[in-house]
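The primary structure of each chain is shown beneath.
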Amino acid sequence: MADAVPSPLQVPKLRRGFARPSGWTVAAWIIAACVATPVVAVFSHVFLPKGDIWAHLYETVLGAYVTNSMLMMVLVGIGVLIVGVPAAWMVTLCVFPGRKFFEWALLLPMAMPAYVVAYTYVGLLDYAGPVQTGLRDILGMPDGLHWIPEIRNLPGAALMLVLVLYPYVYLLARAAFLEQSACVLEVSRTLGCSPTKGFFRVALPLARPALAAGAALAVMESLNDFGTVQYFGVDTMATGIYRVWRGMGDAEAASQLAALLLVFVFVVFGFERWSRGRQSFAHTSSRYRPLPRYHLRGWLKVGAIAGCALPLLLGFVAPAAVLLGWALNNPEYWWRASFLFLIRNSFIMAGLAAVLGVAVAVFLAYALRLHATPATSLAVRIAGMGYAIPGTVLAIGVLLPFAAFDHAIDRWAKATLGMSPGLILSGTLVAVTFAYLVRFLTGSLNAVEASLGKITRSMDHAARSLGRGPGSTLWNVHLPIMRGSLLTAGILVFVDVLKELPATLVLRPFNFDTLAVATYNLASDERLAEAAGPALAIVVVGVLPVIMLSRAIGRSRPGTGGAVEGAVP
Amino acid sequence: MSEIILGLEGVGHSYDGVVEVVSGFSLGVGAGEIVCLLGPSGCGKSTVLRLAAGLETLQRGRIQLRGETVADGESGVSQPPERRNVGLVFQDFALFPHLTVARNVAFGLADLPEHQRGQRALEALAQVGMAGYAGSYPHALSGGQQQRVALARALAPRPSVMLLDEPFSGLDARLREQIRDDTLRVLKRSGAATLLVTHDPEEAMFMADRIYLMQAGKLIQSGPPAEVYARPNSEFAAKFFSNINELEGIVQNGWVATPLGPIPAAQWPSGSSVKVIFRPECLDCVPINGASGRAVLPATVTEVRFIGVARLIRVLATAENGAALDLQVRTSGAFAPEVGAKVGLSLDPARAFVFGPAQNAMQTPLAEPRSNA
């Protein structure tokens, strides 16, 4: 930076911040290195000699994995746009009965893990399920209905994902429509655009970067999905990694597959960043007034209500009702001590990750505030990229280096002390908590950064000039001011951890079952009704951040509240 | 003059390593003295204040507090702000929103034992007339009240140096005068060496014992307000304090001939082309037929603006060579001509300034001195 342009005045080298070269920056880099470890570990195996299994994979299923994953990306990408964009436009710019309710209720499917939705639909549409039984009774056709579509296939899995991932697009699209100046839309009306035409010619093009970013996030989540596709028997790269590793015991081939999946993720990730970067052009005016809303009548009104009610119904109400039905009809499955253990285990893990995630996020955000150098900034950005790593990839990326570390310690201990300490990191809470931190630091970091950014710099300066050092300033000024946002950030991490499946499945301590793991195991054994208890527990806790989010949304216009940004990384 | 408490020597600073926003700047503030750093926005005055507070690391020069070097660009020594014991007041007041007024003020008193802390905070609040609000939270206070609390908070640890960055610009005009007056009194009584940054020349003249006028990172002129106003050392210094009238002319034998009479210009050699600059209040406007000792230039009134304490009058005159002269008069006298009236103009030659060849002449609209930038 200092040597960018030679100055005739020979200005001395730039020093920033408060004197000392900073320990904060060094620590930020250590954290960034930790977050990057899984990715580095996965890629470091790419260049190792390929085993037979890889050759075998390449000849047999690799093509199918890649094709299925790509199909999934395309279907989910299109699906979330079709569901999310019209809903967002209708609730922000139209008037129809129930608009206020739909505005926040459309977020509810976020509380549903995709795999739980998948279980409920299988139960719902099965031969013995309520839909088929009901129809048989009504129609008097005892042989079954062949026109009920099979959903345990790729389009079915994509549909399940769309039902819970469309809120990403909905949220960002809604924020984008809100940020559009009312004037721009009104000008389009005076220039002769009908409301529909105005939507397609002005509102939609202006919101395009936001829509692309939302769809990219959903696509990234679809690459991350393990539970749904595994249950539906669809072979994607995410399930392939798990199968090659668990089934064939080949860590090399699994990590090579993981590296391939990461390449896909990076492409989508890059696209998402690029879309966000372009969002700035959408701000054409800085003046905001209450948006003029279109009053819908007749069929338009019915259409709007249906367009908002359907995603809510299919993505939340129906699955929740099924779960509730199973749980209430079979209390003996979950009304017992083991259920409490599941809850305890889940809460220990999620609580640990939430506290650590928020603490690390505060540390990073504050380091960046103290030392806004390119070096610190880069470290913080790297530390905030973990959400892009799919759970199965993360599991391998954590297990490989941790196992190597454990073996090294073990060898050393046997050689020098003549005893074996066993596994220190692998298969402990350390490993799984580390994985959670890597993946969910992004959310807490965004929330904390947004909140810290709202505190004016003169607060820091005032505290410093009144004799407090940086640490004391953080403790006595920033933390108390930010406490609400810290709670939000913690809850976001907590719920994400509760829902997380693949990394937990692989990395959890032996026999340390969580709600998510129990749900998965029971559902895999086709004991759907038994899975209802733990699944419902996840959903109930998951609704919490959705409520906070919708409240934040109600307050903020133009809408980029801290919580909103935190929820969508 | 009293002992120098805050001293800056040859201070230079650059944010990007390329452009120096402050260069070769020096100043000294004595105990109990109020010095104003005055200049247009972006002239580097706030940077000087941040360097003095330790919010920026010094790159060049030296800063001394109470005779001790706290920052040195040569050796790289730079005491962090928490060790400098300076009081800081900000434009946005920066009160801690989660603490009561009393705890805000006590924030800088961590070294005192608990019972003295509250006592001292109350004393500081009483000084600014805010003792009755000790239990309130900042958001419940008006802008003026917040400013007083910010002042009390900065003064509570009894710093020997007070630094104020545009402390009144967040207040509305009527309130500003009152708060300014109170602040001046409190600062004087505290005996602290005060450095106040402002872009408002009126405020600087009201508050300062001495003014340091800055432009583009450099010191232009310094001195007591009356001196800087009455004897600007440059066209920039003259223009910064008020609207001005300017005429051009050629020096001959130590005088410049102008349509308003000859102006002394002894320091310029004959033949130099110069600018004659004078403030609107230095131009007298009299009835054309009234008896006057001095020669008057006939002119026509084109615009009259009444601003309460004075009148701003715009007149159009014709020079001997036929050129049109558009001039401004500021008068508080009884004579109040209407638009279109014929008047006579006269200038006191001692109150006109002569500067070197014309650069870009600034447009000077008929209005009171600049509002907030």
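The structure displayed is predicted, hence computed values, not measured ones.

Cut-offs used in this document
Residues numbered from 1 in each chain as written. Chains lettered and ligands numbered in written order. Predicted model: local features only at pLDDT ≥ 70, side-chain atom pairs only at ≥ 80, totals over all residues. Helix = DSSP H or I, 4+ residues; strand = E, 2+ residues; numbered from the N terminus. Buried ≥ 20, exposed ≤ 12 C-beta atoms within 10 Å, placed from the backbone. Contact = placed C-beta atoms within 7 Å. Axes fitted to C-alpha atoms, helices over the stretch in contact; angles between N-to-C directions. Parallel < 35°, antiparallel > 145°, perpendicular 65-115°, else oblique. Left-handed = near helix turned anticlockwise from the far one by under 90°. Nonpolar A, V, L, I, M, F, W, Y, C, P; charged D, E, K, R; others polar. Domains from an automatic or database assignment. Pairing = 2+ DSSP bridges. Arc of directions from axis to C-beta.

**Focus: the overall build of chain B**
Phase 1: When you go through chain B residue by residue, the secondary structure sums to 8 helices and 21 strands.
Phase 2: Each principal axis of the C-alpha distribution contributes one length, and for chain B these read about 80 × 50 × 35 Å.
Phase 3: By the burial criterion, 42% of the 373 residues in chain B qualify as buried.
Phase 4: Of all intrachain contacts in chain B linking residues separated by at least 6 positions in sequence, the fraction that spans at least 24 positions is 65%.

**Quick notes on the packing of helix H7 (residues 154-179) of chain A against helix H13 (residues 298-329) of chain A**
All names here are of chain A.
Phase 1: With their axes 9 Å apart at the nearest point, H7 and H13 run at an angle of 120° to one another. By the criterion of interaxial angle, the relationship of H7 to H13 is oblique. In terms of crossing hand, the pair formed by H7 and H13 is left-handed. Along its contact with H7, which presents Leu163, Val164 and Tyr166, the element H13 presents Pro311, Leu314 and Gly315.
Phase 2: A class-by-class count of the residues in the contact of H7 with H13 yields 5 nonpolar, 1 polar and no charged.

**Observations regarding the domain arrangement of chain B**
Phase 1: Domain annotation of chain B identifies domain 1 (4-236) and domain 2 (242-355).
Phase 2: With centres defined by C-alpha atoms, the gap from domain 1 of chain B to domain 2 of chain B works out at 40 Å.

**Quick word on unusual backbone geometry**
Residues and elements named next belong to chain B.
Phase 1: The backbone phi angle of asparagine 85 is positive, close to 55°, even though this residue is not glycine.
Phase 2: In this structure, asparagine 85 sits in the loop between strand S6 (77-78) and strand S7 (86-89).
Phase 3: Of note in the backbone geometry, asparagine 253 takes a positive phi value of approximately 55° without being a glycine.
Phase 4: Structurally, asparagine 253 can be placed in the loop between strand S12 (245-252) and strand S13 (255-258).

**What to know about the domain arrangement of chain A**
Much of the literature gives interface size as the accessible area that the parts lose upon coming together.
Residues and elements named next belong to chain A.
Phase 1: What the domain assignment reports for chain A is domain 1 (22-50 + 342-569) and domain 2 (61-285 + 295-329).
Phase 2: The straight-line distance from the C-alpha centre of domain 1 to that of domain 2 is 25 Å.
Phase 3: Listed as interface residues are 41 residues of domain 1 and, on the opposing side, 44 residues of domain 2.
Phase 4: Top element by residues in the side of domain 1 that touches domain 2 is helix H23 (residues 528-555). It accounts for 15 residues.
Phase 5: Broken down by class, the residue content of the side of domain 1 that touches domain 2 amounts to 29 nonpolar, 10 polar and 2 charged.

**Observations concerning the sheet that holds strand S2 (residues 20-30) of chain B**
Residues and elements named next belong to chain B.
Phase 1: With respect to topology, 5 strands assemble into an open sheet ordered S2-S1-S4-S5-S6, the strand pairing being antiparallel. Pairing within the sheet leaves two strands with one partner each, and these edge strands are S2 and S6.
Phase 2: Two strands pair when backbone bridges link them, and strand S1 (residues 4-14) and S2 are joined in this way by 7 bridges, in the antiparallel orientation. Across the sheet, residue histidine 13 finds its bridge partner in S2, namely valine 22.
Phase 3: Of the strands in this sheet, S1, S2 and strand S4 (60-65) are in contact with helix H1 (residues 45-53), which crosses S1 at around 120°.

**Quick word on helix H16 (residues 374-383) of chain A**
Residues and elements named next belong to chain A.
Phase 1: Turning to H16, its buried residues are Thr376, Ala379, Val380 and Ala383. Buried residues of H16 fall within an arc of 95° about the axis and therefore sit on the same side.
Phase 2: If you follow the buried residues of H16, they end up packed against helix H1 (23-44), helix H15 (337-370) and helix H18 (429-453).

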